[in-house]
Each structure stands twice: as structure tokens, then as C-alpha cells.
Amino acid sequence: MKNEIYGHFHPDERQFVDRAYEWVENAARYHEVKLTDFLDPRQGYILQSLVNRHPDVKVRWDGGHEEAERRRALIAPDYRDLEDEDIALKVLSITPAEQKLSELEHGDYMGSLLGLGVKRSKIGDIHVLENGCHAVVTSDIADYLALNMSSVGRAPVSVEVLPVSELRRSEVRLEPMEITVSSLRLDGIAADVCRLSRSKILVPVKAGRVRVNWKVEEDPSFHLKESDVVSIQGFGRFKVLEIGGLTKRGRYRVRVGKFV
């Protein structure tokens, strides 16, 4: 049965598929309850797909708010009531001592958190605010991070642990960009967005460092469509907002938004 499942996913995802399969099987056979670390949307899709195949298993998701990108999963036998179960989330309220807040970005906060030796899977969504940052983390590392995080970049910070009910969210900001491309191929659009040559964008694509909708995509000829989210390691992320009509020269008008 597991070999059948493998065929639906990328080979690089096999290790996670094995883990998720074991969580679901243990819930069904041995009535175990499993609280995962934070999963990205692709991992969430894989796990939900496996749960959907098993009528005796259910899952509850929580990432701090309804639209969270990264969420924890609570997997349990279908007879368990999960509504009152603790998903074990905390919020780190990170406030720079100096008011040079515009200089601190999502990557600065993420880098400082990871620099304390914690795994990425322990950190959920990071919300950059006007006066600092709210980061959703697992409860078991919240106090450690609060005690040991003294700066973000070169900016001294103070850190407070809050209940998840006090989470302040930031709006996703997209920097719009209009391009014209000869086709809707991944390599063509990504090259224009990243301002790279077609040959240079092939390097991260073929190295497995490009994801479309959080799934590794190694085919440069893959055709993008509206609402696709593309992430390129080292170059950030963008979303295909609109695919317009053709120009007089037969090129596609494409509007994308770069995550900032």
C-alpha cells in the first residue's frame, strides 16, 4: 500500500511520507495521539491526504489563526474529541530597543531564531509588525528563546512570551511586477522575476531548490498558472497574480507579486 502512495509524491518527499504514514497508522491501530511540529502547506497536504484515506483517523490543525501558512497537526483516532486539546502554541513578542524598525525584515527575525539552535519545524508563521514582530512557536521552546534571544541582526531586542490568543498578525505584502514572457514556463517567468538569465535560473531548478506551491519542481518547462506560489532558495518567493492576454508580438502579459 505504501508503494502506491509513493507514486503520488516527489521522491524527495518520501521521508516525510513515511513519517506521516506511521502517524496515521499508529492512530488507527494503536489509538495513539500525535502532535506534530509545524508543517508547511505541502506537508499539510500530504498528511491530510493520508488521513482522508483512513476512516478511523481524524486530524485537527492550528497555526495560531485560521489563515496560518505553517500549522501543527493533532492526529488521533476518530472517536477522540480534539476541540479542547491543547495544540501547545505560544507567541514570542520581539521588540527592538531602537526604533529602526524598517531595517528589520522577516528574514532577520528568522535568522536570529534559527541562530539559537532550534529547528525550523519549531517555528510557525512570523508576523513583522510596525513595532517589532510576533512569532508563533511551539510551547516547549518558547521560554528558551525568550531567555536567549538578545538581538536581531545588530539591533538589541526584548522578548516576551504571550498566549496565542494575543497574536497580532501582519498582512501579507506583495510587491507587484508586470512582465511579458514568450511562454508560461517556470524557467522563463522565474528568470524575469529574479532578473537572471534563463541559463542561470536553471541551476536552482535542476538542483531541487525551486518549489511550486511548496512542492519541489525540477522541470523548467513546467507551466505556471494563476495563484501559483513559487519559492526559489536564495531569491525569495513570488505569486502569479494574473495571466493576461497576448501582446502584438505574441508574448504573455503576466502580473506577479513578490513577497516582501
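See the structure shown above.
Here the structure is a predicted model, which means the values were calculated and not measured.

Cut-offs and rules
- Note on numbering: residues in each chain are counted from 1, in written sequence order.
- Residue-level local features of this predicted model are given only where pLDDT is at least 70; pairs of side-chain atoms are given and counted only at 80 or more, and the full residue set underlies all totals for whole chains, interfaces and linings.
- Note that water and hydrogens are dropped before the side-chain values are worked out from all heavy atoms of the structure.
- A pair of strands is treated as paired once DSSP finds two or more bridges between them.
- Secondary structure elements are taken from DSSP: a helix is a run of H or I of four residues or more, a strand is a run of E of two residues or more, and numbering for both begins at the N terminus.
- We call two residues in contact when some of their heavy atoms are within 4.5 Å.
- In this description, a line fitted to the C-alpha atoms serves as the axis of each element, helices being fitted only across the stretch in contact, and the angle between N-to-C directions of two axes falls anywhere from 0 to 180 degrees.
- Throughout, the term roughly parallel applies to angles under 35 degrees, roughly antiparallel to angles over 145, roughly perpendicular to angles from 65 to 115, and oblique to all others.
- Rotating anticlockwise by less than a right angle from the far helix to the near helix defines a left-handed crossing, while the corresponding clockwise rotation defines a right-handed one.
- Under this grouping Gly is polar, as are all residues other than the nonpolar Ala, Val, Leu, Ile, Met, Phe, Trp, Tyr, Cys and Pro and the charged Asp, Glu, Lys and Arg.
- Burial here depends on accessible area, computed with a 1.4 Å probe over protein chains only, as a share of the maximum for the residue type. Under 20% is buried, over 50% is exposed, and the range in between is partly exposed.
- Residues grouped as a nonpolar core are buried Ala, Val, Leu, Ile, Met, Phe, Trp, Tyr and Cys residues, joined through side-chain atoms within 4.5 Å.
- What qualifies as a polar contact is a pair of N or O atoms within 3.5 Å, subject to a donor-acceptor requirement within protein and to the restriction that residues adjacent in sequence count only when both atoms come from side chains.

Asker: Explanation requested: the sheet that holds strand β4 (residues 89-96) in the structure shown.
Answerer: Strands pair in a sheet through their backbones, by hydrogen bonds, and they do so in one of two ways: parallel or antiparallel. A sheet is described by the order of its strands in space; here five strands give the open sequence β5-β6-β4-β8-β7, paired in antiparallel fashion. Unpaired on one side and paired on the other, β5 (123-129) and β7 (151-152) mark the two borders of the sheet. When β7 meets strand β8 (residues 155-163), the two strands line up antiparallel, connected through two bridges. Counterpart to V152 in the pairing with β8 is A155. Across the sheet, helix α4 (residues 106-114) is in contact with β4, β5, β6 (132-138) and β7; its angle to β5 comes to roughly 135°. Strands in contact with helix α5 (residues 139-148) are β4, β6 and β8; relative to β6, the strand with the most contacts, it is inclined by about 140°.

Asker: Help me understand unusual backbone geometry, please; the structure alone is not making it clear to me.
Answerer: A negative phi holds for most residues other than glycine; trans holds for most peptide bonds. Within the chain, R195 stands out as a residue other than glycine whose phi angle is a positive 55°. Phi is positive for N213, close to 55°, though the residue is something other than glycine. Among the secondary structure elements, N213 is positioned in the loop between β10 (210-212) and β11 (215-216).

Asker: I tried to follow the packing of helix α2 (residues 14-30) against helix α3 (residues 41-52) on my own but got confused; where do I start?
Answerer: For any two helices packed against each other, one specifies the inter-axial angle together with the distance between the axes. Look at α2 against α3: their axes get within 10 Å of each other, and the N-to-C directions meet at 40°. If you check the angle between α2 and α3, you find them oblique. Helix-helix and strand crossings are classified by hand; for α2 and α3 the assignment is right-handed. Residues F16, V17, A20, Y21, W23 and V24 of α2 pack against Q43, I46, L47, L50 and V51 of α3. Along the lines of polarity and charge, the residues of the contact of α2 with α3 split into 10 nonpolar, one polar and no charged.

Asker: What's the story with the pairing of strand β3 (residues 71-77) in this structure? I'm lost.
Answerer: For a regular strand, side chains alternate in direction, first toward one face of the sheet and then toward the other. A large share of β3 lies buried, amounting to six of its seven residues. Of the strand pairs in this sheet, strand β1 (residues 34-39) and β3 are connected by four bridges, and their pairing is antiparallel. Each bridged residue has a counterpart across the sheet, and for L39 the counterpart in β3 is R71. With six bridges joining them, strand β2 (residues 57-62) and β3 adopt antiparallel strand pairing. Residue pairing across strands places V59 opposite I75, the latter belonging to β3.

Asker: Whenever I open this one, the nonpolar core confuses me. Can you help?
Answerer: Side chains that are nonpolar tend, in soluble globular proteins, to be buried together. Counting 22 residues, the largest nonpolar core has L92, I94, L113, I126, L145 and M149 as its most contacted members. Mapped by element, the contributors of at least two residues to this core are β4, α4, β5, β6, α5 and β8. Once you skip the residues sitting within four places of it in the chain, L113 turns out to touch L92, V118, I123, I126, A135, L145 and M149.

Asker: What should I look at first to understand the side chain of R42 in this one?
Answerer: If you trace the backbone, R42 turns up in helix α3. Here the side chain of R42 touches E13 through a polar contact of 2.7 Å, side chain to side chain. Excluding residues that lie within four positions of it along the chain, R42 makes contacts with H8, F9, E13, N213, W214 and K215.

Asker: Explain the side chain of H65 to me, please; I cannot follow it from the model alone.
Answerer: With respect to the helices, strands and loops of the structure, H65 is situated in the loop between β2 and β3. In this structure H65 comes out as buried when scored by relative accessible area, which is 14%. Residues within four places of H65 in sequence aside, it is in contact with D125, H127, L167 and R169.

Asker: In this structure, what is going on with the sheet that holds β2? I would like to understand it.
Answerer: With respect to topology, three strands assemble into an open sheet ordered β1-β3-β2, the strand pairing being antiparallel. Edge positions in the open sheet fall to β1 and β2, since each of these has one partner strand only. This sheet shows a mean twist of 20° between the axes of neighbouring strands, independent of strand direction. Of the strands in this sheet, β1, β2 and β3 touch α2, which is tilted by about 35° from β3.

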